[in-house]
Amino acid sequence: MKNLELINGRQFALLAIYITIGDTILILPAVPAQAAGRDAWISALLGIVFGIGVVLLYSAVGKRNAGRTFVDYAETVLGRWLGGAIACAFLVYIFLSSAAHVREIGDFMTTQMMPETPIHAIHIFYAAVVLMAVYLGLECIARTSEFFFPVLILFLFVFVLFLVPSIETSKLLPVMENGLAPVVQGAVSTTAYPFAELSVLLMVIPHVSNSGAIRGSFLKGALFGGVIIALIIFLSVSILGQDLAARNMYPSYALAKKIDVGQFLQRIEVILAFMWLLTSFIKTSLYFYVFHMTLAHLFRLQQYRSMVLPSGVLLVSMSVLISPNINHFQQMNEYWPYMDLTLGVGTSLLLLTVGAIRGGSLSPKQGT
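Residues numbered from 1 in each chain as written. Predicted model: local features only at pLDDT ≥ 70, side-chain atom pairs only at ≥ 80, totals over all residues. Heavy atoms only, no water.

**Q** Help me out: how do you make sense of the overall build of the protein chain in this one?
**A** What the protein chain contains, in helices and strands, is 16 helices and two strands. A compact globule built from 368 residues should have a C-alpha radius of gyration of about 21 Å, and the protein chain, at 20 Å, falls within 12% of that. For the C-alpha atoms alone, the extent of the protein chain along its principal axes is close to 65 × 45 × 35 Å. Sorting the 368 residues of the protein chain into buried and exposed places 56% on the buried side. Sequence separation of at least 24 residues holds for 85% of the intrachain contacts in the protein chain that already meet a minimum separation of 6. Accessible area for the protein chain stands at about 15,400 Å²; split by element, carbon and sulfur atoms hold 67% of it. In the protein chain, 21 positive and 18 negative side-chain charges are present, and the distance between their average locations comes to 12 Å. (Helix = DSSP H or I, 4+ residues; strand = E, 2+ residues; numbered from the N terminus. Rg over C-alpha atoms; globule rule 2.2 N^0.38 Å. Buried < 20%, exposed > 50% of the residue type's maximum accessible area, 1.4 Å probe, protein only. Contact = heavy atoms within 4.5 Å. Areas by Shrake-Rupley, 256 points an atom, 1.4 Å probe, with all protein chains shown as cover. Lys, Arg positive; Asp, Glu negative; His and termini not counted. Charge placed at Lys NZ, Arg CZ, Asp CG, Glu CD.)

**Q** In this structure, what is going on with the nonpolar core? I would like to understand it.
**A** Buried together is how nonpolar side chains tend to be arranged in soluble globular proteins. In this structure, Phe159, Leu198 and Leu201 are the most contacted members of the largest nonpolar core, which totals 121 residues. Counting residues per element, this core draws most heavily on helix α13 (residues 269–298), at 17 residues. Apart from residues lying up to four places away in sequence, Phe159 is in contact with Ile232, Ser252, Leu255, Ala256, Ile259, Leu272 and Met275. (Core = buried A, V, L, I, M, F, W, Y, C linked by side-chain atoms within 4.5 Å.)

**Q** It is not clear to me how the packing of helix α8 (residues 138–163) against helix α10 (residues 214–240) should be interpreted in this structure. Could you clarify?
**A** Angle between the axes and distance between the axes are the two parameters that describe a pair of packed helices. The geometry of α8 relative to α10 is characterised by a closest axis approach of 11 Å and an angle of 25° between their N-to-C directions. One finds that α8 runs roughly parallel with respect to α10. Note on packing geometry: the crossing formed by α8 with α10 is left-handed. Seen from α8, the contacting residues are Phe149, Ile153, Leu156, Phe159, Val160 and Leu163; seen from α10, they are Phe224, Ile228, Leu231, Ile232, Leu235 and Ile239. The residue inventory of the contact of α8 with α10, partitioned by class, reads twelve nonpolar, no polar and no charged. (Axes fitted to C-alpha atoms, helices over the stretch in contact; angles between N-to-C directions. Parallel < 35°, antiparallel > 145°, perpendicular 65-115°, else oblique. Left-handed = near helix turned anticlockwise from the far one by under 90°. Nonpolar A, V, L, I, M, F, W, Y, C, P; charged D, E, K, R; others polar.)

Pasting the structure below:
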């Protein structure tokens, strides 16, 4: 596929931030809280440590790509058939992730904000905006993320500032009462959701105008997003307590409802909802854009835009079919992190290892 769209290092870092925060800011705090209880914040910090390792791995794979996309490099290293199988698995993974993001929006809106609205209507309207962004391309998505970033930072600052007085450190004690195992188990989700899902950027790396800035931008964006997620998890446990943080589907939204400044400034959870909708939109748009890039590569198409509308219909359909109800959808958190780690980290390790064994920067013809 011929595509000359370019973004700079700063935009690449912003995309890493949006993917790291993405839908994670709303749904993740409950997952480590279920595993590690009051020590979920330690799982978050441990997730940052592991996550930096994941980003360094992705950066190493991107460096060896030598200007090629992830799926192109997979075919070069593993051969056309095995590499093609990896590309197909990656394609399905990206599509399911995109559908899951749409479903999250529908579930949240129908349970928290617009209970009388059919979930299908929310899916259709949200998907329509995502399809428009995908059709306009990578540069449009990157510029949109750049335009809204100051607003995101402002809202995050206000959100955290108003919650600081409500922190109760006693809810964090005793520390590691049940040992290290629950903390490590919680760290699986805090590594997978914010960091392993950054594998989607391996398809974007060839479009960064300054290749020398990729590693630094990748690390800065992932680290910034990881710190934000760790802070939200800390606030969830220290304010709501381990039980409420674990039982609530949207702990950070419940946090926003607790903001009360002088009995005047109340119920500003719309700030959190806006932040989540914004970051989820950028993440979903980028995911679905990468889906089309991968699809165009597999079918050797010159451009992807003719497929946007048909695939959008499939996206809306899959967002409903992916789970029968919200409770079942929430249970997917038990295995989804392992899919992220397998198709993101596992595949990258495989490509890096095989590429190192074969040696050098392989040319595309060598893998056929």
